[in-house]
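Structural features, examined
Residue strings, one per chain:
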Amino acid sequence: MIRPSAENDFVFLCQLRKLALFEAVENVFGWNETIQNEICRREWEEARPDIIEINGQKAGSYLVQINSDHIYLGRFYLLPKFQGQGIGSKILNDVLALSERENLPIKLCYLQGNRVGSLYTRLGFKIISEDTEFVHMIRPLTTK
């Protein structure tokens with residue numbers, strides 16, 4: 001089940017973010033708990049992601065923002081115990097279908113060293129830029 005996040009999801013989302021990003025952030029920037037908590041708070045205030053629930057348990061989150069020229073996919077995290085079960089692929093397929101319906105490409109960004117890049121590549125995303133910290137990708141519209 002997918003639902004909008006509620007006020008009482010903030011702590012879960014910050015813990016989820018830490019579980020999902022700790023290794024990559026540690027490798028790129030070094031993990032600073034204070035800075036990461038500030039980033040989590042700022043992200044929460046900017047836009048709230050949807051919550052993924054499996055059998056009544058919070059399993060993950062993702063954010064989809066429809067802009068005039070693209071769809072942005074961000075903050076896509078699953079708790080480790082829910083990974084490898086096809087949940088992430090289902091969410092991504094839903095976003096791909098949205099892209100086709102809206103006739104907009106999808107953009108995303110992830111930290112260097114995060115293993116999610118191979119999944120995005122398999123789904124047709126292409127790297128548009130990268131530096132020592134981030135990889136920016138786009139999935140162009142498919143031609144039928």
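Further up the page is the structure itself.
Residues numbered from 1 in each chain as written. Predicted model: local features only at pLDDT ≥ 70, side-chain atom pairs only at ≥ 80, totals over all residues. Heavy atoms only, no water.

1. Some words on helix α3 (residues 87-102)
Structurally, the α-helix is built with 3.6 residues per turn, so residues lying three or four positions apart point the same way. Taking 1.5 Å as the rise per residue, α3 with 16 residues should run 22 Å; its terminal C-alpha atoms sit 23 Å apart, in good agreement. Turning to α3, its buried residues are I87, G88, I91, L92, V95, L96, L98 and S99. At the exit of α3 stands N103, carrying a positive phi of roughly 60°. (Helix = DSSP H or I, 4+ residues; strand = E, 2+ residues; numbered from the N terminus. Expected span 1.5 Å × (residues − 1). Buried < 20%, exposed > 50% of the residue type's maximum accessible area, 1.4 Å probe, protein only.)

2. A look at the state of the cysteines
Per the stated rule, a full pass over the model turns up 1 disulfide. What pairs with C14 in a disulfide is C40, and their sulfur atoms sit 2.0 Å apart. In this structure the cystine formed by C14 and C40 twists about its S-S bond by roughly -105°; its chirality is therefore left-handed. With C14 in helix α1 (residues 10-28) and C40 in helix α2 (residues 33-46), this residue pair connects regions lying 26 residues apart in the sequence. Grouping residues by exposure puts C14 and C40 together as buried. No disulfide involves C109; its sulfur sits 17 Å from the nearest other cysteine sulfur, which is in C40. (Disulfide = S-S within 2.5 Å.)

3. Points about empty space enclosed by the protein
Under the defined criterion, the tally for this structure stands at 1 cavity of 30 Å³ or more. Here the largest cavity defines a volume of roughly 80 Å³. Every residue along the wall of the largest cavity is listed here: L13, R17, C40, E43, W44, P49, S61, R75 and Y77. Those elements that provide at least two residues to the lining of the largest cavity are α1, α2 and β4 (71-78). When its residues are assigned to classes, the lining of the largest cavity shows 5 nonpolar, 1 polar and 3 charged. (1 Å grid on protein atoms, 1.4 Å probe; cavity = no way out; pocket = protein on both sides within 12 Å on 5 of 7 lines; lining within 4 Å. Points joined across faces, edges and corners; volume = space filled by probe spheres on them. Nonpolar A, V, L, I, M, F, W, Y, C, P; charged D, E, K, R; others polar.)

4. What to know about the layout of surface pockets
It is a probe the size of a water molecule, rolled over the atoms, that shows where empty space is left. A volume near 1400 Å³ is recorded for the largest pocket. A20, L21, F76, Y77 and N114 are the residues nearest the centre of the largest pocket, which is lined by 49 residues in total. Secondary-structure elements contributing two or more residues to the lining of the largest pocket are α1, α2, β3 (57-66), β4, α3, β5 (106-111) and α4 (117-122). If one sorts the elements of the lining of the largest pocket by residue count, α1 sits on top with 8 residues.

5. Here's the deal with unusual backbone geometry
Of all residues except glycine, most have a negative phi; of all peptide bonds, most are trans. The phi torsion at N55 lies on the positive side, around 50°, for a residue other than glycine. Relative to the helices and strands, N55 is located in the loop between β2 (50-54) and β3. Located in the positive-phi region is N103, a residue other than glycine, with phi close to 60°.

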